[in-house]
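A look at the structure
Residues per chain, in single letters:
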Amino acid sequence: MSKKVLIMGGEGNGGVIASAIIDMNKKGLDEYELAGYLNDYEEVGALIHGYPVMGKLNQVNEFSEKGYYFMWAVHMIGHGQKRSDLYYSLNIPEDRLATIIHPSAFIADNVVLEPGVFVMANSYIGPGTILRKCVLVMANCVVGHNDEVGELCHLSAGCNVSSYVKIGRVSDIGLGASVLEKRTIGDYSVVGANSLLTKNIGDSVIYVGSPARLHRKIEE
């Protein structure tokens, strides 16, 4: 019997994760089945891409007791601390976090995938890499070998992260951005769309451009 999944969030990342689950089911991969959403902005019973909102985010443990699994899809770019605070305030049982890998993605045999990881179609995750809890990797991304991507990070479609890169927790790599090898990115930071990061960056900063330069510091 398939495990019933509730997506925590809504359109956007939630819709992307939903579409991956639906496509996997069509291909005969039925470990998980989409049941609906937990969402704080839509009324219970409202439909998101044809699937019902079944409750609010803070009802996660109520649904866990009913046997549901969960995918974290809340993404507030540039507000990493707020994203982290919300996640941990909900006390989501880690053994109820689904891990969704689209079958067209390449995942090397010795990659470590922590609970809640999502990897979308046509992405590549190289050997020796670690994706921490609830990392979201969108379509057509390259994550090289021996990388470590911290929990709750978001890698936007088409980004390229070279090898021996360490990304702190709750950071964002923008659409089509590239990170050179052996670089370090701090916690709660953002590499902007189409940027080329050539140096190490710290916590709570936004870097943009090619080569990327400091755009501003992030203040929650």
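Our subject is the structure listed above.
Report follows, based on the coordinates.

1. A few points about the side chain of N39
Structurally, N39 can be placed in the loop between β2 (32-38) and β3 (47-48). Take N39: its relative accessible area is 8%, and that puts it in the buried class. Polar contacts involving the side chain of N39 include one to the main-chain carbonyl oxygen of G9, which spans 2.9 Å. When sequence neighbours within four positions are dropped, the list of residues in contact with N39 reads G9, G10, I48, V53, G55, K56 and L57.

2. A look at the nonpolar core
Ranked by size, the top nonpolar core spans 28 residues in total, and within it L155 and I173 carry the most contacts. Leave out the neighbours within four places in its chain, and L155 touches L136, V137, M138, C141, V143, V149, V161 and I173. Grouped together as the second largest cluster of nonpolar side chains are 22 residues, I21, Y37, I100 and M138 included.

3. Thoughts on the pairing of strand β4 (residues 51-55)
Both β2 and β4 contribute to a ladder of two bridges, which runs parallel. In the sheet register, L38 faces β4, and the bridge partner there is G55. Direction of pairing for β3 relative to β4: antiparallel, over a ladder of two bridges. Bridge pairing links I48 to Y51 in β4. The turn joining β3 and β4, which pair antiparallel and follow one another in sequence, is formed by two residues; a positive phi near 50 degrees is taken by H49.

4. Here's the deal with the packing of aromatic side chains
Tallied over the full model, the rule gives five aromatic pairs. Both rings, one in F63 and one in Y68, keep their centres 5.6 Å apart while their planes meet at 75 degrees; by these two values the pair is edge-to-face. Each member of the pair F63 and Y68 is classed as buried. When the ring of F106 is compared with that of Y124, the centres are 5.2 Å apart and the planes differ by 10 degrees; the resulting orientation is stacked. With F106 in strand β7 (residues 106-107) and Y124 in strand β10 (residues 124-125), this residue pair connects regions lying 18 residues apart in the sequence. Grouped by ring-pair contacts, the aromatic residues W72, Y87 and Y88 constitute a single cluster. Taking the ring centre of F63 as reference, the NZ or CZ of K66 above it sits at 5.1 Å. Residue placement shows R96 over the ring face of Y69; its charged tip is 4.4 Å from the ring centre.

Cut-offs used in this document
- In this numbering scheme, every chain counts its residues from 1 along its sequence in written order.
- A pLDDT threshold of at least 70 governs which residues receive local features in this predicted model, and a stricter bar of 80 or more applies before side-chain atom pairs are shown or counted, although totals over entire chains, interfaces and linings include all residues.
- With hydrogens and water excluded, all non-hydrogen atoms of the structure serve as input to the side-chain values.
- A run of H or I in DSSP counts as a helix once it spans at least four residues, and a run of E counts as a strand once it spans at least two, with each numbered from the N terminus.
- Classification of residues uses two cut-offs on accessible area relative to the type maximum, computed with a 1.4 Å probe and protein chains only: under 20% is buried, over 50% is exposed, and between them is partly exposed.
- Think of a polar contact as two N or O atoms within 3.5 Å of one another; within protein, one of them needs to be a possible hydrogen donor and the other a possible acceptor, and neighboring residues in sequence only count if both atoms come from side chains.
- The contact definition used throughout considers only heavy atoms, calling two residues in contact when any of these lie within 4.5 Å.
- By convention a nonpolar core is built from buried Ala, Val, Leu, Ile, Met, Phe, Trp, Tyr and Cys residues, the set being connected through side-chain atoms within 4.5 Å.
- A pair of strands counts as paired when DSSP detects no fewer than two bridges linking them.
- Between 30 and 60 degrees the pair is tilted, below 30 it is stacked and above 60 it is edge-to-face, where a pair is any two Phe, Tyr or Trp rings, Trp via its six-membered ring, whose centres lie within 6.5 Å.
- Put simply, a charge is over a ring when the Lys NZ or the Arg CZ is close to the ring centre, within 6 Å, and near the line of the ring normal, within 35 degrees.

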